[in-house]
Amino acid sequence: MNQNFDESLELLLQHEGGFVNDPRDDGGMTNLGVTARVYEEYTGEAATEEVMRNLQPSDVAPLYRKLYWDRLRCMDLPTGVDYFCFDWGVNSGTGRSAKALQRAVDAEPDGSVGPITLIAVDKRLPIDILEDMYRERDAFYRALKNFDVFGKGWIRRNEEAANHAHVMIKRWRDRMPKG
């Protein structure tokens, strides 16, 4: 289902926005959702303010594919679930997203999506996986120490990501042969 990467990245970048350097955000200097630390680790180059301000979607797409989409095995997940895992993985870490997926399908939550997790995913309806992950993500955000500062945006992002995932699932179902 790797065909969903481009659409998923486009949706993700709508959430991530442009350059920010909010001192209340532990991520520090960020653009298009990529922190300076992640950029430096991925490219091996210094993430100066000028570099970070000038990042373009084409600059970050390979990073997002390798560090998030591929790591979470989104190409092997059902349509909609792939996007939701990807979005949460970018926002809160791939380990957290993977463990939530694993709990949603009753697999061992070890944070690494592998063959056993994928077999368990195939045994559940995508909509049910999505709903379980949505609830867990909501609870996770509400428990964070800086929820009073960023909580409204996190909750909105979770709702929007779930809504987009629902649309993707419905679109996929509508293309399936009837009968």
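Right, let's walk through the structure included here.

How each quantity is defined
- Residues numbered from 1 in each chain as written.
- Predicted model: local features only at pLDDT ≥ 70, side-chain atom pairs only at ≥ 80, totals over all residues.
- Heavy atoms only, no water.
- Helix = DSSP H or I, 4+ residues; strand = E, 2+ residues; numbered from the N terminus.
- Expected span 1.5 Å × (residues − 1).
- Buried < 20%, exposed > 50% of the residue type's maximum accessible area, 1.4 Å probe, protein only.
- Contact = heavy atoms within 4.5 Å.
- Axes fitted to C-alpha atoms, helices over the stretch in contact; angles between N-to-C directions.
- Parallel < 35°, antiparallel > 145°, perpendicular 65-115°, else oblique.
- Nonpolar A, V, L, I, M, F, W, Y, C, P; charged D, E, K, R; others polar.
- Core = buried A, V, L, I, M, F, W, Y, C linked by side-chain atoms within 4.5 Å.
- Left-handed = near helix turned anticlockwise from the far one by under 90°.

## Quick word on helix α1 (residues 5-16)
- Over its 12 residues, α1 runs 16 Å from end to end, which matches the ideal 16 Å to within 8%, given 1.5 Å per residue.
- Along α1, the residues that are buried comprise F5, S8, L9, L11, L12, L13 and E16.
- Contacts made by the buried residues of α1 are with α4 (57-70), α5 (81-92) and α9 (147-175).
- Immediately downstream of α1, the backbone of G17 shows phi near 70°, a positive value.

## What about the side chain of T94?
- Checked against the element boundaries, T94 lands in helix α6 (residues 94-104).
- Since its relative accessible area comes to 14%, T94 is described here as buried.
- Setting aside chain neighbours within four positions, we find T94 in contact with L67, Y68, R71, L72 and G89.

## So, the packing of helix α2 (residues 36-43) against α4
- One way to put it is that α2 packs onto α4 with a least axis distance of 11 Å and a crossing angle of 90°. Considering the angle they form, α2 stands roughly perpendicular to α4. Counted together, V38, Y39 and Y42 of α2 and P62, L63, K66, L67 and Y68 of α4 form the full contact between these two elements.
- The class makeup of the residues in the contact of α2 with α4 is 7 nonpolar, no polar and 1 charged.

## Some thoughts on the nonpolar core
- In this structure, Y64, F86, L101 and M133 are the most contacted members of the largest nonpolar core, which totals 56 residues.
- Of all elements in the fold, only α1, α2, α4, α5, α6, α7 (115-122), α8 (126-142) and α9 reach the threshold of two or more residues within this core.
- Ranked by residue count, the leading element in this core is α9, at 8 residues.
- Beyond its immediate stretch of four places on either side in the chain, L101 contacts L77, V81, C85, V113, T117, V121, I129 and M133.

## What about the packing of α5 against α6?
- Contact geometry of α5 with α6 gives a least axis separation of 7 Å together with a crossing angle of 140°. One element, α5, and the other, α6, form an angle in the oblique class. Where α5 crosses over α6, the two elements pack in a sense that is right-handed. For the pair α5 and α6, contact is made by V81, C85, W88, G89 and S92 and by T94, R96, S97, A100 and L101, respectively.

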